Amino acid sequence: MIDWHIVMAMAMFAFASSITPGPNNMMLLSSGVNYGFKRTIPHMLGISSGHLVLLLAIAAGLDQLFQLFPLGYQIMKGVGFCYLLYLAWRIAFSTTPLKRGETKGHPSGFFGAALFQWVNPKALLMAITSFSNYMPIDASITFIFLTCLMFTVINLPCLGLWVLLGTQLERVLSQSRQRQIFNCVMALLLILSMVPILLT
């Protein structure tokens, strides 16, 4: 029998953790401003798909491997932070608008965004917390798969809201100077979003 209280609790956690600021959402906001909604769709889908695979990996025992080898988790956090610094640099020095809705450069792609989830500490914490705090010990494979899918179904629209917010900000940030300031602020926020996670 399905415990709907657990399912609702997991759904609420999925929404709260997906809608709040973090590395993924900061990058999507910036991409929405610089590249628009349509060009950011592969980035969105990559995040959501990559996180689904990560959830399934945690279900298969990846978190237990981290418990046996905690240094491995710390290494992944370090690699994630270094890659995030590179992404922040790209955002800070991303191009300024040429014409309305048009910029040089290109947004992150599907596979890059999917792979980033494996070194994104917030994504790892979301996945581990989801299973350690909410998943019943005797959960069936079907229940695990469906709740992971539920997480993804909730996660994707939340990501879309951040991109949509970025596209609305693009109307305001039409001047090159404004866009440069915005990109630098977003790069700084992206780095700051990792600090609390690195301290855990």
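In what follows, the structure referred to is the one given above.
To start, this report covers the structure provided alongside it. (Residues numbered from 1 in each chain as written. Predicted model: local features only at pLDDT ≥ 70, side-chain atom pairs only at ≥ 80, totals over all residues. Heavy atoms only, no water.)

1. A few points about the side chain of Thr 40
- With respect to the element layout, Thr 40 can be found in helix α2 (residues 23-59).
- Take Thr 40: its relative accessible area is 0%, and that puts it in the buried class.
- A distance of 2.8 Å separates a polar atom in the side chain of Thr 40 from a polar atom in the side chain of Ser 31.
- At a separation of 2.7 Å, a polar atom in the side chain of Thr 40 contacts the main-chain carbonyl oxygen of Gly 36. (Helix = DSSP H or I, 4+ residues; strand = E, 2+ residues; numbered from the N terminus. Buried < 20%, exposed > 50% of the residue type's maximum accessible area, 1.4 Å probe, protein only. Polar contact = N/O pair within 3.5 Å; in protein donor to acceptor, adjacent residues only side chain to side chain.)

2. Here's the deal with the packing of helix α4 (residues 70-92) against helix α8 (residues 176-192)
- Orientation of α4 relative to α8, taken along the N-to-C sense of each, is 170°, at an axis distance of 8 Å. By the angle class used here, α4 and α8 are roughly antiparallel. Note on element contacts: α8 touches α4 through Asn 183, Cys 184, Met 186, Ala 187, Leu 190 and Ile 191, opposite Phe 81, Leu 84, Leu 85, Leu 87, Ala 88, Ile 91 and Ala 92.
- Looking at side-chain class alone, the contact of α4 with α8 contains twelve nonpolar, one polar and no charged residues. (Axes fitted to C-alpha atoms, helices over the stretch in contact; angles between N-to-C directions. Parallel < 35°, antiparallel > 145°, perpendicular 65-115°, else oblique. Contact = heavy atoms within 4.5 Å. Nonpolar A, V, L, I, M, F, W, Y, C, P; charged D, E, K, R; others polar.)

3. Side note on the pattern of salt bridges
- Per the counting criterion, the structure on display carries one salt bridge.
- With its nearest N and O atoms 3.8 Å apart, the salt bridge here joins Arg 179 to Glu 170. (Salt bridge = Lys/Arg side-chain N within 4 Å of Asp/Glu carboxyl O.)

4. A closer look at the environment of Tyr 86
- Here Tyr 86 is to be found in helix α4.
- Look at Tyr 86 and you get partly exposed, because its relative accessible area is 40%.

5. A short note on α4
- For α4, which comprises 23 residues, the first-to-last C-alpha distance of 33 Å matches the rise-based estimate of 33 Å (1.5 Å per residue) to within 8%.
- Considered for burial, the residues of α4 that qualify are Tyr 73, Met 76, Lys 77, Gly 80, Leu 84, Leu 87, Ala 88, Ile 91 and Ala 92. (Expected span 1.5 Å × (residues − 1).)

6. A few points about a nonpolar patch on the surface
- Judged by side-chain polarity, Phe 37, Ile 41, Leu 45, Phe 110, Phe 111, Leu 161 and Leu 164 come together as a nonpolar surface patch covering roughly 620 Å² of accessible area.
- Among the elements of the structure, α2, α5 (110-116) and α7 (141-172) are those that each provide at least two residues to the nonpolar patch.
- Among the elements that line the nonpolar patch, the one with the most residues is α2, at three residues.
- In this fold, Leu 164 is placed in helix α7. (Patch = residues over 30% accessible without salt bridge, like charges linked within 9 Å, V, L, I, M, F, W, Y side chains within 5 Å. Areas by Shrake-Rupley, 256 points an atom, 1.4 Å probe, with all protein chains shown as cover.)

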